[in-house]
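Geometric and topological summary
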Amino acid sequence: MSTQRVVWNEASYAYNSLHEDGCSLIGVAVQEVMALLGPVANRDVLEIGCGAGQHCVTLARQGARVTGVDISEAQIALAQRRVDEAGVTARLLRA
């Protein structure tokens, strides 16, 4: 297993607990990031490095067909839980 994947698996829950405020890693509100994309309804969207799936959920709620990819199994598990709780559909892959 790659060192980076091991680190993300170990840090994912702590990392995500710090970023539950609706901000992305760079401190920009998720809504601001989504506004830059424009309309996504009925579009295929690939999010590379999807982490815990915050953007995947937002995109799916806006009607996108979402595929989220992350290196960490732990992040994908968190993303799947978030997607399930939101009642949306997104394909989530560890890759």
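For the structure itself, look to the data block above.
Residues numbered from 1 in each chain as written. Predicted model: local features only at pLDDT ≥ 70, side-chain atom pairs only at ≥ 80, totals over all residues. Heavy atoms only, no water.

1. What to know about the environment of Ala90
Along the polypeptide, Ala90 turns up in strand β3 (residues 90–94). In this structure, the C-alpha to C-alpha distance between Ala90 and Val66, residues 24 residues apart in sequence, is 4.9 Å. With near-sequence residues (within four places) excluded, Ala90 lies in contact with Val66 and Val83. (Helix = DSSP H or I, 4+ residues; strand = E, 2+ residues; numbered from the N terminus. Contact = heavy atoms within 4.5 Å.)

2. Points about the pairing of strand β2 (residues 65–70)
Of all six residues that make up β2, five are buried, and the element is covered over most of its length. As paired strands, strand β1 (residues 44–48) and β2 are joined by five bridges and run parallel to one another. Pairing of Asp44 across the sheet is with Arg65, part of β2. Traced from β1 through helix α3 (residues 54–61) to β2, the parallel crossover comes out right-handed. Direction of pairing for β2 relative to β3: parallel, over a ladder of five bridges. Across the sheet, the residue bridging to Thr67 is Arg91, located in β3. Running through helix α4 (residues 73–86), the crossover from β2 to the neighbouring parallel element β3 is right-handed. (Buried < 20%, exposed > 50% of the residue type's maximum accessible area, 1.4 Å probe, protein only. Pairing = 2+ DSSP bridges. Right-handed = clockwise from strand over helix to strand, strands pointing away.)

3. Details of the environment of Tyr15
Its place among the elements puts Tyr15 in helix α1 (residues 3–18). Taking relative accessible area as the criterion, Tyr15 reaches 22% and is therefore assigned partly exposed.

4. A closer look at the pattern of salt bridges
In total, this model carries two salt bridges according to the counting rule given. The residue Glu73 makes a salt bridge to Arg94 at a minimum N-O spacing of 3.7 Å. You can see Glu73 sitting in helix α4 and its partner Arg94 sitting in strand β3, a full 21 residues away along the chain. Taking relative accessible area as the criterion, Arg94 reaches 36% and is therefore assigned partly exposed. (Salt bridge = Lys/Arg side-chain N within 4 Å of Asp/Glu carboxyl O.)

5. Concerning the nonpolar core
If you look at the biggest cluster of nonpolar residues, it comprises 17 residues, and the most contacted ones within it are Leu59, Ala64, Val66, Val83 and Leu92. Broken down by secondary-structure element, the contributors of at least two residues to this core are α2 (30–37), α3, α4 and β3. At four residues, α3 tops the list of elements feeding residues into this core. If we skip the residues at most four places from it in the chain, Ala64 touches Val40, Ala41, Asn42, Arg43, Val45 and Leu59. (Core = buried A, V, L, I, M, F, W, Y, C linked by side-chain atoms within 4.5 Å.)

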